[in-house]
Amino acid sequence: MGAGGLWVRAAHTALSGALALGLFLHRTDLQKQEERGELLQPLIFVLLVLCSVLLYFKVSLMDPGFVKAEEEVKAGKSEEQSMVIPQVPSNLKMRRCGYCMVKQPMRAKHCQLCQHCVRRYDHHCPWIENCVGERNHPLFIVYLSVQLVVLLWGGHVAWSGLYFEQSWEWLQHNILLLVSFLLIVIFTIVVLLLLISHLYLISCNTTTWEFMSHHRISYLQHSELENPFDQGVILNLWRFFCSCHLTAWEKIYFHRNKEPV
């Protein structure tokens, strides 16, 4: 873990804790329920905040799908990775990474920040200080979903404690809650847009990198199909959320390109 990643993760944890604590220190619905002894909703809210923080650390620290050099040796023994690819076009080459010198599976990309090639590379997320790839992308979506629930609930709670008055005394007393509410609104918009865009791309079985750089990716340029990995919304979602193994994308690519149009 680099120093930059340590600071980012510490900042995320501190901000989450500070915003949650601020909602209990002001006259919000959560504080009123706590005073009345109605502890169920405050407890659920705290557990959701803790869950979002734990998911954040899990996604941030886990292997996103790094391509390792020793996998080339095992590839010959693996049924998933050792398939014979028929009629590989001469202008489409399975290339070796020029940075880490490993053989790149289809849809992998080298991340210069992580110093690794990542399977089904989506993007490098500065907020989690890690790549989003084939192994951690599903959990990244779960994290965004839980975070969105926390933010929406937190925004509602913060709003319940704001009673606007045109006085300096009111502003002094409520400035922290007001700032918390504005931060929650901003984060909610960002997380909502990010979640919607990712769910759309997942339903099409494409990645952020492929969507943004379609014209520069050789296997997409030389495909007869607009998206050679798209198998329909239901199968795309099933493969993304329910598959327990790494996918041999070469199989799907060449099978789909052989299908009659």
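Scroll up a little and you will see the structure.
In this report, we go over the structure that sits alongside the text. Residues take numbers from 1 onward in each chain, read along the sequence in its written order. Restriction of local features to residues with pLDDT of at least 70 applies here, the model being predicted, together with a cutoff of 80 or more for giving and counting side-chain atom pairs; totals for whole chains, interfaces and linings are based on all residues. To get the side-chain values, all heavy atoms of the structure are used, and hydrogens and water are removed first.

**Quick word on the overall build of the chain**
By the criteria applied, helices consist of DSSP H or I runs no shorter than four residues and strands consist of E runs no shorter than two, each listed in order from the N terminus. Helices and strands together make up the secondary structure of the chain, namely 10 helices and four strands. Ordered by position from the N terminus, the helices and strands of the chain form the series α-α-α-α-β-β-β-β-α-α-α-α-α-α. The contact definition used throughout considers only heavy atoms, calling two residues in contact when any of these lie within 4.5 Å. Long-range contacts, defined here as pairs at least 24 residues apart, represent 65% of the contacts in the chain between residues at least 6 apart. The protein chains shown are the only cover counted for residues, whose accessible areas, like all others here, come from Shrake-Rupley with a 1.4 Å probe. When the accessible surface of the chain is summed, it comes to about 15000 Å², and 66% of that surface belongs to carbon and sulfur atoms.

**Details of the packing of helix H3 (residues 40–61) against helix H5 (residues 137–160)**
Between the N-to-C directions of two axes lies an angle of 0 to 180 degrees, each axis being a line fitted to C-alpha atoms and, for a helix, fitted only over the stretch in contact. Running from N to C, H3 and H5 cross one another at 150 degrees; their axes reach a closest spacing of 9 Å. Here H3 and H5 pass one another in a crossing that is left-handed. Contacts between H3 and H5 involve Gln-41, Ile-44, Phe-45, Leu-48, Val-49, Cys-51, Ser-52, Leu-55, Tyr-56, Lys-58 and Val-59 on the former and, on the latter, Leu-139, Phe-140, Val-142, Tyr-143, Val-146, Gln-147, Val-149, Val-150, Trp-153 and Gly-154. As a working rule, the residues Ala, Val, Leu, Ile, Met, Phe, Trp, Tyr, Cys and Pro are called nonpolar, Asp, Glu, Lys and Arg charged, and the rest polar, with Gly in that last group. Here the contact of H3 with H5 is built from residues that sort into 16 nonpolar, four polar and one charged. Here is the rule for handedness: rotate from the far helix to the near one, and if that takes an anticlockwise turn smaller than a right angle the crossing is left-handed, while a clockwise turn gives right-handed.

**Side note on the side chain of Glu-134**
Locating Glu-134 in the fold gives a position in the loop between strand E4 (130–132) and H5. Here's how the labels work: a residue is buried when its accessible area is under 20% of the maximum for its type, exposed when over 50%, partly exposed in between, all with a 1.4 Å probe on protein chains only. We score Asp and Glu as negative and Lys and Arg as positive, and we do not count His or the chain ends. For this document, the term salt bridge refers to a Lys or Arg side-chain nitrogen within 4 Å of an Asp or Glu carboxyl oxygen. No salt bridge is formed by the buried Glu-134; its nearest oppositely charged neighbour, Arg-119, is found at 5.2 Å. Engagement of the side chain of Glu-134 in a polar contact is seen with the side chain of Trp-249, the distance being 3.5 Å. Between N or O atoms, a polar contact is any pair within 3.5 Å; within protein, one atom must be a potential hydrogen donor and the other a potential acceptor, and residues adjacent in sequence are included only when both atoms are from side chains.

**Some thoughts on the nonpolar core**
Nonpolar cores are built from buried Ala, Val, Leu, Ile, Met, Phe, Trp, Tyr and Cys residues. Side-chain atoms within 4.5 Å join them into one set. Within the largest apolar cluster, 35 residues are counted, with the highest numbers of intra-cluster contacts made by Leu-23, Phe-45, Ile-128 and Phe-140. Of all the elements in the fold, those that place two or more residues in this core are helix H1 (3–25), H3, H5 and helix H6 (168–203). With 11 residues, the single largest contributor to this core is H5. Ignoring any residue separated from it by four or fewer positions in sequence, one finds Leu-23 in contact with Thr-28, Leu-30, Phe-45, Gly-154, Val-157, Ala-158 and Leu-177. One finds Val-118, Tyr-121, Cys-131 and Leu-220 within the second-largest nonpolar core, a separate group that totals 16 residues.

**Section: the pattern of salt bridges**
A complete count under the given rule lists four salt bridges for this structure. A salt bridge links Glu-35 to Arg-27; the nearest nitrogen and oxygen atoms lie 2.7 Å apart. A residue is classified by how much of its surface remains accessible, and Arg-27, at 41% relative accessible area, is partly exposed. Among the salt bridges present, the one from Glu-210 reaches Arg-107, with a minimum N-O distance of 2.6 Å. Placement of Glu-210 in helix H7 (residues 208–212) and of Arg-107 in the loop between helix H4 (71–75) and strand E1 (109–111) is noted, with a sequence separation of 103 residues between them.

**Brief notes about unusual backbone geometry**
Of note in this structure, Arg-107 is not a glycine but carries a positive phi near 80 degrees. The phi dihedral of Gln-115 is positive, around 65 degrees, even though this residue is not glycine. Take Gln-115: it is sitting in the loop between E1 and strand E2 (116–118). For Gln-115, a relative accessible area of 55% puts it in the exposed group.

**Quick notes on the environment of Ile-186**
If you trace the backbone, Ile-186 turns up in helix H6. Overall, the relative accessible area of 48% leaves Ile-186 in the partly exposed class.

**Digging into H5**
Helices are assigned an expected span. That span is 1.5 Å times one less than the residue count. Between the first and last C-alpha of H5 there are 35 Å, a value that for 24 residues agrees with the 34 Å anticipated at 1.5 Å per step. Judged by how many residues are buried, H5 sits mostly within the fold: 17 of 24 residues are covered.

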